[in-house]
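Architecture at a glance
Spelled out, the chains give:
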Amino acid sequence: MVGPCIFVSRSNLPSIIYSELNKLPVEIRMWKETGPMWGKQASPPREVWVDVFKNCVGAIVTLGDIIDKSLINEADKLFIISTYSVGVDHIDVKAATEKGIYVTHTPEVLVEAVADLAMGLLIALARKIVLGDRLIRMGGIYDKWGWLLGSEVHGATLGIIGLGNIGTALARRAKAFNMRVIYWSRTRKPHIEFALGIEYRPLESVLTESDFVVITVAATPETRHLINEERLRLMKKTAYLINVARGDIVDTNALVKALREGWIAGAALDVYEEEPLPSAHELTKFDNVVLTPHIGSATYETRERMAEVAVRNLINILMGKRPLYLANPEVLSVRPLQALI
């Protein structure tokens, strides 16, 4: 007897997803668009999604899969959307909740990897590491090294916008560099202030006082364009902006204007309002900008752990158990847990 259908939207995710699903009495459907292991693959076309939402009970999806209200309204049998990501902004969670669909995600396991990247971007930006590498590869530029002066990280003031798990992990790293750490968060964290010796400031004060501003706040409708033209103008001309959260927290047009007119010293971005960032985008034209392609969680170890969590979330719900991480706990009052296998 064939069990319920489970859909996996990529064929290049870590193998633990498929090996764990193969242990269950389920039918596994997989989108087999070719692409590199853990690299970029195209999302399935809409007709595939409609078929999945009508006929499968569960789906494992990624950030590149846009699950909007119109698609969710097509759901007949769908019980769970397990996303292989921390963020759920690619899913209409409200519509899913109203439809009684569980939405799960993979927070916490990528905290250290993203904090590592944030610190790496900060140092690369301050010391012009990427620009130096580029100049070496061009050859014959030793006479230009005199202007390749950077900023010291040791002893500088770091401003963190959003003191969640990633922001806290970044603060720990910064203290090892003897940085003064200040932060703004929607919820103040006195226990972390005490434990790490960091200081809470209003958002405007974080922007005016910091030598480096790192964005780690969650993406919500309230944080969209949180960093806009008005707030960019508050930063020091010698300060740098780093974003490892979500692209739309920063108003891209305002940032380009700030860089062009010299309101800030530079920026490093791992996330963008438009992803992938077009190769001819204005941001690519600045020597004082470091760009990475949304690789905050891109380590072998972290991606394996994310896969473990994503598949365990799905299996728990199939078995009538609470998942490890439920993004819409309100759904429990709409559709109580029940075993499907």
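Just above, that's the structure.
Summarised in this report is the structure supplied together with it. (Residues numbered from 1 in each chain as written. Predicted model: local features only at pLDDT ≥ 70, side-chain atom pairs only at ≥ 80, totals over all residues. Heavy atoms only, no water.)

For the protein chain, the helix and strand inventory stands at 12 helices and 12 strands. The globule rule puts the C-alpha radius of gyration for 341 residues at 20 Å, and the 22 Å found for the protein chain is close to it. Seen along its three principal axes, the alpha-carbon backbone of the protein chain occupies a region of about 75 × 50 × 35 Å. Looking at the protein chain residue by residue over its 341 residues, the buried ones come to 50%. Nonlocal contacts in the protein chain, meaning residues at least 24 apart in sequence, comprise 60% of its contacts between residues at least 6 apart. Here the protein chain contributes 39 positively and 39 negatively charged side chains, and the mean placements of these two sets differ by 2 Å. (Helix = DSSP H or I, 4+ residues; strand = E, 2+ residues; numbered from the N terminus. Rg over C-alpha atoms; globule rule 2.2 N^0.38 Å. Buried < 20%, exposed > 50% of the residue type's maximum accessible area, 1.4 Å probe, protein only. Contact = heavy atoms within 4.5 Å. Lys, Arg positive; Asp, Glu negative; His and termini not counted. Charge placed at Lys NZ, Arg CZ, Asp CG, Glu CD.)

Now for the sheet that holds strand β2 (residues 27-30). Read from one edge to the other, the open sheet built from 5 strands follows the order β2-β1-β3-β4-β5, with strand pairing classed as parallel. Of all strands in the sheet, those with a lone pairing partner are β2 and β5 (102-104), marking the two edges. Put simply, the sheet's adjacent strands are angled 15 degrees from each other on average, direction ignored. Of the strand pairs in this sheet, strand β1 (residues 5-8) and strand β3 (residues 58-61) are connected by 3 bridges, and their pairing is parallel. Bridging across to β3, I6 finds its partner in G58. Sheet contacts for helix α2 (residues 46-55): β1, β2, β3 and β4 (80-83); angle to β1, the most-contacted strand, approximately 150 degrees. (Pairing = 2+ DSSP bridges. Axes fitted to C-alpha atoms, helices over the stretch in contact; angles between N-to-C directions.)

Bringing unusual backbone geometry into the picture now. In this chain, E275 is followed by P276 through a cis amide linkage whose omega measures -5 degrees. Topologically, P276 is positioned in the loop between β11 (266-269) and β12 (289-291). For E108, which is not glycine, the phi dihedral falls at a positive 75 degrees. Mapped onto the elements of the fold, E108 is located in the loop between β5 and α5 (111-126). Residue class for E108 comes out partly exposed when judged on its relative accessible area of 45%. In this structure, H225 takes a positive phi of about 55 degrees despite not being glycine. Locating H225 in the fold gives a position in the loop between β9 (212-215) and α10 (229-232).

Attention now moves to the state of the cysteines. According to the stated counting rule, one finds 1 disulfide in the structure shown. The disulfide partner of C5 is C56, and the gap between their sulfur atoms is 1.8 Å. Placement of C5 in strand β1 and of C56 in the loop between α2 and β3 is noted, with a sequence separation of 51 residues between them. Assigned by exposure class, C5 and C56 land together as buried. (Disulfide = S-S within 2.5 Å.)

The next point concerns the sheet that holds β9. If you trace the 7 strands from one edge of the open sheet to the other, you get β8-β7-β6-β9-β10-β11-β12, paired in parallel fashion. Each end of this open sheet is capped by a strand with a single partner; those strands are β8 (199-200) and β12. With 4 bridges connecting them, strand β10 (residues 240-243) and β11 associate as parallel partners. By the bridge assignment for β11, N243 is matched with L269. Together, β6 (157-161), β9, β10, β11 and β12 form the strand contacts of α5, whose direction differs from that of β10 by roughly 150 degrees. Contacts from helix α7 (residues 165-176) reach β6, β7 (180-184) and β9 within the one sheet, and its direction differs from that of β6 by about 175 degrees.

What follows covers the pattern of salt bridges. Taken as a whole, this structure holds 25 salt bridges when the rule is applied. Close ionic contact of R201 with E199 constitutes a salt bridge, the shortest N to O distance being 2.7 Å. Here R201 falls in the partly exposed class, since its relative accessible area comes to 23%. Its salt-bridge partner being E282, residue K285 comes within 3.4 Å of it at the nearest N-O pair. (Salt bridge = Lys/Arg side-chain N within 4 Å of Asp/Glu carboxyl O.)

A separate point is the packing of aromatic side chains. Within this structure, the stated rule accounts for 5 aromatic pairs. Where W49 meets F53, the ring centres are 6.1 Å apart and the plane angle is 85 degrees; that geometry is what we call edge-to-face. Taken as a pair, W49 and F53 lie in helix α2 at a separation of 4 residues, close to a single helical turn. Taken as a pair, W49 and F53 share a single burial class, namely buried. On the basis of an interplanar angle of 15 degrees and a centroid distance of 5.4 Å, the ring pair of F212 and Y240 is categorised as stacked. Of this pair, F212 sits in strand β9 while Y240 sits in strand β10, and the two are 28 residues apart along the sequence. Residue class for Y240 comes out buried when judged on its relative accessible area of 5%. Members of the aromatic cluster, each reached through a chain of ring pairs, are F7, W49 and F53. (Phe/Tyr/Trp six-rings, centres within 6.5 Å; stacked < 30°, edge-to-face > 60°.)

Time to look at the environment of R172. With respect to the secondary-structure elements, R172 resides in helix α7. Judged by relative accessible area, R172 falls into the partly exposed class, the value being 40%. With 25 residues separating them in the primary sequence, R172 and G197 have C-alpha atoms 9.7 Å apart. Leaving out residues up to four positions away in the same chain, R172 has contacts with E112 and L196.

Coordinates in, geometry out; function isn't part of it.
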